[in-house]
Amino acid sequence: MRKLFAEFFGTYWLVFGGCGSALFAAGIPDLGIGFAGVSLAFGLTVLTMAYAVGHISGGHFNPAVSFGLWASGRFSGKELLPYIVSQCLGGIVAAGTLVFILSGKEGFAIDNTKAGAFATNGYGAFSPDGYSMGSAFVAEFILTMFFVLIIVGATDKLANGKFAGVAIGLALTLIHLISIPITNTSVNPARSTSQAIFAQGESLSQLWLFWVAPIAGALVGGFIYKLFLDKKETL
């Protein structure tokens, strides 16, 4: 249960901090943090929680990462479902908190006919810069694959584990700098689900891509590390 609570709170912080920065701070008139600020916010959520609770649960905060760590041989398959449930619940509760805070502002409403409404992910007309479904799929696949490669490599027993959280946080920052214009950046099914549930509309019908592409990329990244990069024990 300690592990599951750690995953819940870690994912809560990721969604509240990352999506919250996009909703509250990115578009402030005349002075906002912009794409770069939102990218950094997502990276900081993972970096801070990696050090806060990573020693308890491993600091996944992302169903795709859990699948990737399983593929790399670092995580037990029997723990996948409980971790994923905890991550999704953490994200949904965080999104609910964001709605509550936003409802305190006069005129608040989620316009789910617009790209990126309530920090949702999307493709086609719901991509921030109009990228197609194919482009969105490839971007989410590749970025999640490399994210898992970085996570597994940075936490390898031969790596300098003290700086693993920094590497992982900066990797997520870079991922957002690359892909916010493409999909509003997911690489995390729990993060996508939490926002889509409240936004409804097309965000829900496009949600499949933000489960399939990140998980597929994570599995490939995990298998690549296990087969080609992991140091094998020799006699």
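What counts, and where the lines are drawn
- Residues numbered from 1 in each chain as written.
- Predicted model: local features only at pLDDT ≥ 70, side-chain atom pairs only at ≥ 80, totals over all residues.
- Heavy atoms only, no water.
- Salt bridge = Lys/Arg side-chain N within 4 Å of Asp/Glu carboxyl O.
- Helix = DSSP H or I, 4+ residues; strand = E, 2+ residues; numbered from the N terminus.
- Buried < 20%, exposed > 50% of the residue type's maximum accessible area, 1.4 Å probe, protein only.
- UniProt positions renumbered as here; feature names shortened; annotations may be inferred.

Looking at the pattern of salt bridges
Right, so step 1: Applying the stated criterion across every chain, the model contains three salt bridges.
Right, so step 2: Ionic pairing is found between Glu79 and Lys3, a salt bridge with its closest N-O pair at 3.6 Å. Here Glu79, found in the loop between α3 (63–71) and α4 (80–102), pairs with Lys3, found in helix α1 (residues 2–25); they are 76 residues apart in sequence, far enough to count as distant.
Right, so step 3: Residue Lys3 is classed as partly exposed on the basis of its relative accessible area of 37%.
Right, so step 4: A salt bridge links Asp111 to Lys114, with the nearest nitrogen and oxygen atoms 4.0 Å apart.

A few points about the UniProt feature "transmembrane region" (unreviewed entry) in the protein
Right, so step 1: Per the UniProt annotation, the sites labelled "transmembrane region" (unreviewed entry) are residues 12–28, 34–53, 80–102, 131–151, 163–182 and 208–229.
Right, so step 2: A helix fraction of 90% and a strand fraction of 0% characterise residues 131–151, whose end C-alpha atoms lie 28 Å from each other.
Right, so step 3: Secondary structure across residues 208–229 divides into 95% helix and 0% strand, with the first and last C-alpha atoms of the span separated by 30 Å.

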